[in-house]
Amino acid sequence: MPTYLAFLRAINLGAKRKFPKDRIVAAVEGLGWTDVRTHINTGNVRFDCPLESRAEIEAALEEAFRAETGFEVPTIVLTPAELREVAEQAASYGHEGNHYVSFLKDEPSPDTVRALEERSTADAVARVGGRAVHLMLGESYRGASLTNATVEKRLGVATNRNLTVVRALVEKWCS
């Protein structure tokens, strides 16, 4: 059975969008999917399921999460190979500062990619590879001109992880 990784957007950020790991696991297992695991409480989930369509998997997860929480939980699914590729892309950039990856729900068009990448500055660089946007920043994410909000405004639904988490997930789940 194929293995997938899901990245949940905008959970556990405030008092009203709580979705603890045990409830995430229960919702995924409720779909009949197996070998469900989570990593830290920011919405990183690994599971095996018989479906092969990313869109069908995302839709099933979003419906299960809405039923469990009562609110929408946009979810982005990657294969372990896709996440490994994202980590390899990151390594190729050689950025030693703050590096974040925004995972996109849909593949962006070349025009939207160009428009986002042209917003890069000396302190905030965006590079898009497939459904991953690498945000290579200076001192702070908070004051950066390129954030996940910028990515979503230009490229659609996205969720953001720092490169440390991406690398940990590759090591943990993509061997």
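Residues numbered from 1 in each chain as written. Predicted model: local features only at pLDDT ≥ 70, side-chain atom pairs only at ≥ 80, totals over all residues. Heavy atoms only, no water.

Quick look at the layout of surface pockets now. Roughly 370 Å³ of volume is contained in the largest pocket. Looking at the largest pocket, it is lined by 17 residues, and the ones nearest its centre are Ala10, Leu13, Thr159, Asn160 and Arg161. At the level of elements, α5 (148–155) and β8 (158–162) are the ones that each hand at least two residues to the lining of the largest pocket. For the lining of the largest pocket, the element with the highest residue contribution is β8, accounting for five residues. Here the residues of the lining of the largest pocket are counted per class, giving nine nonpolar, five polar and three charged. (1 Å grid on protein atoms, 1.4 Å probe; cavity = no way out; pocket = protein on both sides within 12 Å on 5 of 7 lines; lining within 4 Å. Points joined across faces, edges and corners; volume = space filled by probe spheres on them. Helix = DSSP H or I, 4+ residues; strand = E, 2+ residues; numbered from the N terminus. Nonpolar A, V, L, I, M, F, W, Y, C, P; charged D, E, K, R; others polar.)

Inspection of α5 places Asn148, Thr150, Val151 and Leu155 among the buried residues, and these make up the whole buried set. Axial view of α5: buried residues confined to an arc of 155°, hence all on one face. Opposite the buried face of α5, at more than 90 degrees from it, the exposed residues are Ala149 and Lys153. If you follow the buried residues of α5, they end up packed against β5 (98–104), α4 (110–117), β6 (124–129), β7 (132–137) and β8. (Buried < 20%, exposed > 50% of the residue type's maximum accessible area, 1.4 Å probe, protein only. Arc of directions from axis to C-beta. Contact = heavy atoms within 4.5 Å.)

Here the focus is the packing of aromatic side chains. Per the stated rule, a full pass over the model turns up four aromatic pairs. Between the aromatic rings of Phe7 and Phe103, the centroid separation amounts to 4.5 Å while the plane-to-plane angle is 25°, which identifies the pairing as stacked. Linking Phe7 in strand β1 (residues 3–8) with Phe103 in strand β5, this pair joins segments that are 96 residues apart in sequence. The same class applies to Phe7 as to Phe103, namely buried. On the numbers, 5.3 Å between centres and 75° between planes, the contact of Phe19 with Phe65 is edge-to-face. With Phe19 in the loop between β1 and α1 (21–29) and Phe65 in helix α2 (residues 54–69), this pair connects stretches of sequence that are 46 residues apart. Neither Phe19 nor Phe65 differs from the other in exposure class; each is buried. Among the aromatic residues, those joined into a cluster by ring pairs are Tyr4, Trp33 and Phe47. (Phe/Tyr/Trp six-rings, centres within 6.5 Å; stacked < 30°, edge-to-face > 60°.)

Our focus in this paragraph is the nonpolar core. One finds Leu8, Phe47, Leu61 and Phe65 to be the most contacted residues of the largest nonpolar core, which totals 22 residues. Going through the elements one at a time, β1, α1, β3 (44–48) and α2 are the ones with two or more residues in this core. Of all the elements, α2 adds the most residues to this core, at five residues. Non-local contacts of Leu61, meaning those with residues more than four positions away in its chain, are made with Ala6, Val28, Leu31, Trp33, Phe47, Thr75 and Val77. Ile76, Ala87, Phe103 and Trp173 belong to the second-largest nonpolar core, a separate cluster that totals 18 residues. (Core = buried A, V, L, I, M, F, W, Y, C linked by side-chain atoms within 4.5 Å.)

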